[in-house]
Every structure is written in structure tokens, then in C-alpha cells.
Amino acid sequence: MKFKKLFICILAFSLLLTSCTSKSKNNSNSKNTKETKKESIENASFDEEIKKVEIPKNATEFKFLNYNAENNKLYFRYMSNGNIVYASKNIKDDITDIIYEIKGNEKTNMYAIARDGVIDETLFIVKVNDKNVAKGENKFSNVYEYNYIVIDKNKNVQKYFNEDKAEISGDYQVYNKMPTVTIDGRNLILTCENTIDNNIIKSYILQFNIDGASLRLLEEKELKTENKKLNGSYIKFAGGLGNEIYYQVLNYQNDDKMEEGSSDIYKRTSPSEFKKVLELDRIKSPQNAKNGKALFVSGDDKLLFTSGYVLDDSKYNTGKVFNLSNMQSTDIPDVTNGMDIVDAYKINDLYLLDNTYTAYVYNSDGKLLLKKTYRDKEKSISKIEVTNNSISYIVRENEDSKEAELHILKLKGK
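Calculation rules
- Residues numbered from 1 in each chain as written.
- Predicted model: local features only at pLDDT ≥ 70, side-chain atom pairs only at ≥ 80, totals over all residues.
- Heavy atoms only, no water.
- Pairing = 2+ DSSP bridges.
- Helix = DSSP H or I, 4+ residues; strand = E, 2+ residues; numbered from the N terminus.
- Axes fitted to C-alpha atoms, helices over the stretch in contact; angles between N-to-C directions.
- Buried < 20%, exposed > 50% of the residue type's maximum accessible area, 1.4 Å probe, protein only.
- Phe/Tyr/Trp six-rings, centres within 6.5 Å; stacked < 30°, edge-to-face > 60°.
- Lys NZ or Arg CZ within 6 Å of the ring centre and 35° of its normal.

Lay out the sheet that holds strand 27 (residues 368-373) with the relevant residues and their values.
Read from one edge to the other, the open sheet built from 4 strands follows the order 24-25-26-27, with strand pairing classed as antiparallel. For this open sheet the edge positions go to strand 24 (343-347) and strand 27, each flanked by a neighbour on one side alone. On average, adjacent strands in this sheet sit at an angle of 20 degrees to one another, irrespective of strand direction.

Tell me about the sheet that holds strand 22 (residues 319-323), and name the residues and values.
Backbone hydrogen bonds are what pair the strands of a sheet, in a parallel or an antiparallel way. Spatially, the 4 strands line up as an open sheet ordered 20-21-22-23, and their pairing is antiparallel. Only two strands of the sheet have a single partner each, and these edge strands are strand 20 (294-299) and strand 23 (328-332). Strand-to-strand twist across the sheet, computed as the mean angle between neighbouring axes with direction ignored, equals 20 degrees. In this structure, strand 20 lies alongside strand 21 (residues 303-308), joined through 5 bridges in antiparallel fashion. Opposite G299, over in strand 21, you have L304 as the bridge partner.

So what about the pairing of strand 19 (residues 273-279)? Which residues, and what values?
By the bridge criterion, 6 bridges tie strand 18 (residues 262-270) to strand 19 in an arrangement that is antiparallel. Opposite D264, over in strand 19, you have E279 as the bridge partner. In textbook terms, the turn of a hairpin is the stretch between consecutive antiparallel strands, and for strand 18 and strand 19 this stretch comprises 2 residues.

An account of unusual backbone geometry is needed here, citing residue identities and associated values.
Of note in the backbone geometry, E61 takes a positive phi value of approximately 50 degrees without being a glycine. Residue E61 is classed as exposed on the basis of its relative accessible area, which comes to 63%. At N243, a residue that is not glycine, the phi angle is positive and equals roughly 70 degrees.

Can you explain the packing of aromatic side chains? Please cite residues and give values.
A full pass over the atoms with the stated rule returns 13 aromatic pairs. Ring geometry for Y247 and F274: centres 4.8 Å apart, planes at 90 degrees, overall edge-to-face. Taken together, the residues Y247 in strand 17 (residues 246-255) and F274 in strand 19 connect sequence positions 27 residues apart. The pair Y247 / F274 is uniform in exposure class, with both members buried. Summarising the aromatic geometry, the rings of F305 and Y351 are spaced 5.8 Å apart at their centres and angled 55 degrees between planes, so their arrangement reads as tilted. Here the residue F305 occupies a position in strand 21, and Y351 occupies one in strand 25 (residues 350-354), the gap between them amounting to 46 residues. Exposure class is identical for F305 and Y351. Each is buried. Joined through ring pairs, the aromatic side chains of F62, F76 and Y78 make up one cluster. A cation over a ring is seen here: R375 above Y357, with NZ or CZ 5.5 Å from the ring centre.

Spelled out as C-alpha cells, the structure:
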């Protein structure tokens, strides 16, 4: 019972941050380009182009994945006949092409998709299974396996696990929660945990490379509970830009619950070493909240971005950008409880942040150059995705609409 209470607390506290097989002709007669406009502030600008696109008529539960301007392809997934279908559409000639389908045992075993997307022309899927998972020494009911699927532009498929076999090669490949997944170049950074017994929870940072379909354990921590007291460390969220990785460590010394304890941000300084760069309790907030935690952390060798965890309904700014040369920080405007930063990208020498409502552009000094609110509550709008220098998202009148607008933003520095 002690473990169950602790496990429920941890799950509640942790972020959960989620046609045919041959080419077919779409008979849409709509014109592609609708309009082009420019939006700018100071030393950066967005050139925006809007294209009309048609969504396949048999597609339900449509999700936009990305757009690649170099090959004019829109990438997306949808449900069809109970299967999860990944496809691309060339919006120049209206050709739709099926890339991959999750069906059969892959679909039966699946609990959820933690994250999927397209990097350049490579599709990746982080699939979480709860069926046919070998539990080993993990005796608890909530046990998951992460399966990684990578499909290149030629439809060559690589898988990290063979789903027809129970292949468990280490503690950090069986888990008891959904992972958080961030993207750094062609790597995925995962934060996850595993319960070893009633008294020990191990947390991990994993790095999955989509080119070689290879997985690495970067860091792990151990948290113990004895006599209703927490002692040890727990990793909560990791992210980074340009091969720089940051992660948050929650530290406990005879604490009663997960909301207590201190929080530190670490940065990887070598493949096997990390150093502490920030203590979150030192960040000032309107309520001078103790035991500060972060829901998001990312950055490179110049800037660090955080989005704070808030237990109450306060709407003060919780997003921060730190200039690592002097550790001076400024607020990220309108990043509040429920509107937290979810992704960070680097485009040339500029930084793009996204909280699913607003895109923020910063320079390398930590100065906000551009802010664009792209979410419209009256319409169905995807979150933004990034390929090279292009930022894109899909706008529909509602979730059932088969007509959509593809918004393409080109970020330029002056």
C-alpha cells in the first residue's frame, strides 16, 4: 500500500508531456498557394506562406507530423480500418503515399504512442507496449516496453526491438510510466523510470539515434522510500539543443512527498560527466515558492530555457531564459500554468520556443526578437513542427474537416 500511494503520487506529478499501400491520385482541384505575408520585430522576421491542402477522405483522427519544403511533402498519420497509418502527400501534384502501418501484433501490443514525427525525410515512432511484455523481476502491474521504429525515405524499416520476442537486456528497458520525449537534431532524448522493488525507483535519461536505431543510457538516479520517507534523487525531464543535454534532478532528504525536495539543473560536459548549472529554489517568483520544479528544460552552450511547474492556478510567468555567460534571466511572456513550453529548436543562430499557442524567437544573447501567437481557439490547429529553416502547422475549421490550410513560416535574421 505504501508503494501504491507513492507510485500514484509520482504518476500524478510526472509530465505526460503525444489510403492504400501504393501511390494514389487525390482528385482535389484546390489551388495550393493562398497568400504570403511578412511579420517582423527588430532583428528577425517571419515570411508566411499559406497553402490549401486536402486531407484524405478516409482519414480519421488526423495528426499533422511535419512539412518538408524541399520535397513539397506533407507528413501525417490517421486511423483507417483500425490501423494507424503514416503517410505523406506531395502537395504539388496531390500524390498520397503510405509510408508505414501499425497493425496486427504491433497494434495489439500497443498501449500508446509516446511521440512520433518526421525529421528531414525520416519517420520515427516511439511506441509504448503493455502486452506481451516480459516483466522479469518487476512484479508490478504497470509495466511497459518502449519500441522504436524508424522508416527512411526509401521505406526501409529499422526496429530496436523485435515484438515477437521478449527481449529485455537491462533494467532500463522495462518501465512503469510513459516517457517524456524531446528532439535534439537526429536524436530523441527520453526521461523515464522503473520500479525495482517496493522501496526503489530508478529514473533514466535515454538517447535514441534515428540514423542507426541505437539506444544509449546517459544517466540514472535512484530514489528510496523507507518508513514513509524519501531519500535519494529522481530525474524529471531532460532536453537539449546541438548535442548539449540538460536535465533536472529532484533531491530528497527524509522528505514526505514528491512535491518536496530541491531541484537542480545539470548540463552534460562530456559523454559521461554532468555539472550543476542552476538551483531552481534561487529563481524568484511572485509567491517565492519553495521546492521549485521544472516541467521543461533545454538549451545549448549559450542559453538555458526552463518552464516551471506550478501546483496552483496562478497565472504569473513561469518561463525563463538564462544567459549562461552571466546567468541573468528574463521571463518568457505568457508562459504560465497550463501554457508551458513543450519544445525548443535552434534555427541557424536563432532559438525557437513553442508552448502550443505561441512561437517565441530569441537571439544568442537571450533577447526576445519575435513572438507569434498561432493558436485560434475557434479552429482546429496543430502544434508547430520544424524542418531545417521551415516552421509549419495545419489549420482546419474543425477536427472533421477535410479541407485545411498549411501555414509555412520562414524564420530569417536580419
